[in-house]
Amino acid sequence: MKCEHGHGAGSLDMLLDTMCNTFGGVCFIALMVAIISALRPQVSDGDDVEQMLVDREAARLARQRDELKAALEIQNTFVVSNVAPGKAMSLAELLKGVSSNETAIAKLKAQKREFEDALASLKTDSEYSAREALRLERLLKELEERLGKQRGKQRSVRTPTEREIAGLQNEDFWLRNGRLYLLKNRNQCKCEEIPRDALGKRRWDYTIIRGSGYRVDESFFNGYDWQQIKSSLDSKGYVRIYSDKNSFPQLCELRDALIHFRKMYNWHIYESDVLSFVEGYDGRVQ
């Protein structure tokens, strides 16, 4: 009769053998992976720098290649544009084209030098302006100091002032857009009398008749019309001038002429197209 004990011991041996073989295989694989990793070349920082330098040199060579290609295309364009179809360019023609290009380059260089000289001159002018500004600032400070010494003193300046004089007769002049109109001249101004207002005063409205009047300039004061106007002015009267802003230069000339004529006057700024008067007396003169 067979013993069962021997059969159970063989199964245990097979299990242990299998486990040992599996563990050995795992260790063998791990050992092989470690050996292979150790044998592979390692990438160091020096290799990275070297690769970067190689890439930079490759980029520089690529730029040079592109520049040469562009130069060749420009040269081909020049040759094609200067040579008739089906005809080859001779050496003399090619040298002539190169010479013209060199002349153009020399001209551009000369212009560049001119621009550089102009820039240097501007810089010099700027330095001179800075020195001049400092000098003017010094002069201004000196003037302020002198004025500071004079501040305790007072100076009075007399200017023309209006005064009221009784019994004067007025002559009315109207300056508009550089032309002079006499209100009493019915060929130059139209007068319309307005009925009395609530205060019982009358009013007169004057409007200019277009195409009339005198142009006030140097020839006017040297001409016959101004002589007639002066002779018609009463020696005991005064001139009352109404002027718009556009006629200010003519107002100054007319004022100077009246002063030279020793005639009293006053003046007012008036912009409306209708000049209105109310009943009353105005004897203010300068």
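Quick note: structure is the one above.
Procedures and definitions
Residues numbered from 1 in each chain as written. Predicted model: local features only at pLDDT ≥ 70, side-chain atom pairs only at ≥ 80, totals over all residues. Heavy atoms only, no water. Pairing = 2+ DSSP bridges. Helix = DSSP H or I, 4+ residues; strand = E, 2+ residues; numbered from the N terminus. Phe/Tyr/Trp six-rings, centres within 6.5 Å; stacked < 30°, edge-to-face > 60°. Buried < 20%, exposed > 50% of the residue type's maximum accessible area, 1.4 Å probe, protein only. Lys NZ or Arg CZ within 6 Å of the ring centre and 35° of its normal. Axes fitted to C-alpha atoms, helices over the stretch in contact; angles between N-to-C directions.

*Asks:* Help me out: how do you make sense of the pairing of strand 3 (residues 179-182) in this one?
*Replies:* For a regular strand, side chains alternate in direction, first toward one face of the sheet and then toward the other. Two strands pair when backbone bridges link them, and strand 2 (residues 169-176) and strand 3 are joined in this way by four bridges, in the antiparallel orientation. If you follow Trp 174 over to strand 3, its bridge partner there is Tyr 181. Between the antiparallel neighbours strand 2 and strand 3 lie two residues, among them Asn 177 with a positive phi of about 55°. For strand 3 and strand 6 (residues 214-215), the ladder comprises two bridges, and the chain directions are antiparallel. Bridge pairing in strand 6 links Arg 179 to Arg 215.

*Asks:* What should I look at first to understand the packing of aromatic side chains in this one?
*Replies:* To describe a pair of aromatic rings, one takes the distance between the centres and the angle between the planes. What the rule picks out here adds up to five aromatic pairs. Pairing Phe 220 with Trp 226 gives two aromatic rings, centres 5.8 Å apart and planes at 55°, and the pair type is tilted. Its relative accessible area of 3% is what places Trp 226 among the buried residues. Ring centres of Phe 221 and Trp 226 lie 5.3 Å apart, and the angle between their planes is 80°; on these two criteria the pair is classed as edge-to-face. The structure contains a cluster of three or more aromatic residues connected by ring pairs, namely Tyr 214, Phe 220, Phe 221 and Trp 226. When the ring centre of Phe 261 is taken as origin, the NZ or CZ atom of Lys 230, which lies over that ring, is 5.3 Å away.

*Asks:* Where do I start with the sheet that holds strand 4 (residues 189-194) in this structure?
*Replies:* Strands belonging to one sheet form pairs held by backbone hydrogen bonds; the direction of such a pair is parallel or antiparallel. Taken together, the three strands give an open sheet; going across it, the order is 4-5-9, and neighbouring strands pair in antiparallel fashion. Single-partner strands in this sheet number two, and they are strand 4 and strand 9 (274-278). Neighbour to neighbour, the strand axes of the sheet diverge by 20° on average, direction disregarded. Two strands pair when backbone bridges link them, and strand 4 and strand 5 (residues 203-208) are joined in this way by six bridges, in the antiparallel orientation. Opposite Cys 189, over in strand 5, you have Ile 208 as the bridge partner.

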